[in-house]
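# Summary of the model geometry
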Amino acid sequence: MTPASLRDALARVPSLPLAPQPTPVEPMRRLAAAIVAGGGPRLLVKRDDAIAFGFGGNKVRKLAFVAARAQAEGADTLITAGGVQSNHARATAATAAKLGMRAVLVANGTAPEKPTANALLDALLGAEVVYVKTRDERAPKMREIADRLRADGGRPFEIPIGASTPLGALGYVQAVVELLDQIPAPDVIVHATSSAGTQAGLVAACRLLDLPTRIIGISADDPAASIQTQVRTIVQGIG
Ligand SMILES: Cc1ncc(COP(=O)(O)O)c(C=O)c1O
């Protein structure tokens, strides 16, 4: 597949224009020099942190696809989960607010006495937050809330942690196509990984385009083996 044909294929999948593209690619000369004195590897950063919508970050690219499906299905509420300070939950709250939907966030942890950072933004964005004690309780609680809303005549749409579904991962397939318009295929892409959707999108794009690029995810939490399994499952789902 070529970048142009992949771009055409992606354009046929509905997505919301949440982030103006492309995000900038900038050199990190001082970091490169600090790694290898006198001039190290060519290091670049793709500034997805500069995505303005919902305070940016990688979740916006995934939610652009996932929320488009929620909207197409006539959803009135987005339900998702994460930690109390989850970036994904905050980006989902912003997406729901933009689309005129309710947001219900299932957060594992303790309700802060005085919300700060993402928890404060969630509140300002009008999201309802339901607290559970452990990570394992999040998915059942989401299901329970969705069932209750449905029974009350609502149209909830559940977004798994990180919007890391095959559909959400298309956000990072698209990011690679975007990157190739900016620079030649890099030797390595290093990125933070957790719920595996970002990594799955990057891996799938490199495979579809037969790029020599290695993808190295730095896990924020789970062990490498479980993230690898998750990446494989999502890549297979992309098909
Ligand atoms: C800023 C940031 N980068 C990367 C990641 C990892 O992305 P993913 O959940 O798609 O693996 C996260 C999520 O935890 C994040 O908040």
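Residues numbered from 1 in each chain as written. Predicted model: local features only at pLDDT ≥ 70, side-chain atom pairs only at ≥ 80, totals over all residues. Heavy atoms only, no water.

Take the domain arrangement of the protein next. What the domain assignment reports for the protein is domain 1 (3–55 + 164–238) and domain 2 (74–162). Overall, the association of domain 1 and domain 2 removes approximately 840 Å² of surface from exposure, summing both partners, and the carbon and sulfur fraction of that is 65%. Our count for the domain 1 to domain 2 interface comes out at 1 salt bridge. Of the charged contacts, one joins Asp 222 and Arg 135 as a salt bridge, the two residues approaching to 3.1 Å between their closest N and O atoms. Along the contact surface separating domain 1 from domain 2 lie 4 residue pairs in polar contact (both at pLDDT 80 or more). Of the residues belonging to the side of domain 1 that touches domain 2, the class tally is 4 nonpolar, 4 polar and 2 charged. (Domains from an automatic or database assignment. Buried area = accessible area lost by both parts, 1.4 Å probe. Salt bridge = Lys/Arg side-chain N within 4 Å of Asp/Glu carboxyl O. Polar contact = N/O pair within 3.5 Å; in protein donor to acceptor, adjacent residues only side chain to side chain. Nonpolar A, V, L, I, M, F, W, Y, C, P; charged D, E, K, R; others polar.)

This part covers the sheet that holds strand β4 (residues 102–108). Spatial strand order, β5-β4-β3-β6: 4 strands in an open sheet with parallel pairing. Single-partner strands in this sheet number two, and they are β5 (128–132) and β6 (156–158). Direction aside, the axes of adjacent strands within the sheet are offset by 25 degrees on average. Its contacts with the sheet place helix α4 (residues 87–99) against β3 (77–83) and β4, and it is angled at close to 165 degrees to β3. (Pairing = 2+ DSSP bridges. Helix = DSSP H or I, 4+ residues; strand = E, 2+ residues; numbered from the N terminus. Axes fitted to C-alpha atoms, helices over the stretch in contact; angles between N-to-C directions. Contact = heavy atoms within 4.5 Å.)

This next bit is on the site of the ligand. Taken together, Asn 58, Lys 59, Lys 62, Asn 87, Ser 164, Ala 192, Thr 193, Ser 194, Ser 195, Ala 196, Gly 197 and Thr 198 are the residues near the ligand. Here Lys 59 contributes a side-chain N or O atom positioned 3.2 Å from an oxygen atom of the ligand. In this structure, an oxygen atom belonging to the ligand sits 2.7 Å away from a side-chain N or O atom of Thr 198. If the ligand stood free it would expose 390 Å²; the protein chains cover 75% of that surface. At the level of elements, α3 (58–72), β7 (188–193) and α8 (197–208) are the ones that each hand at least two residues to the shell around the ligand. (Near = heavy atom within 4 Å. Areas by Shrake-Rupley, 256 points an atom, 1.4 Å probe, with all protein chains shown as cover.)

Next up on the list: the side chain of Arg 61. Within the element layout of this structure, Arg 61 appears in helix α3. A distance of 2.7 Å separates polar atoms of two side chains, one belonging to Arg 61 and the other to Asp 48. Here the side chain of Arg 61 touches Glu 178 through a polar contact of 3.0 Å, side chain to side chain.

What follows covers a nonpolar patch on the surface. A surface patch of nonpolar side chains, amounting to about 260 Å² of accessible area, comprises Leu 31, Ile 35 and Val 36. Of note, Leu 31 is situated in helix α2 (residues 29–35). (Patch = residues over 30% accessible without salt bridge, like charges linked within 9 Å, V, L, I, M, F, W, Y side chains within 5 Å.)

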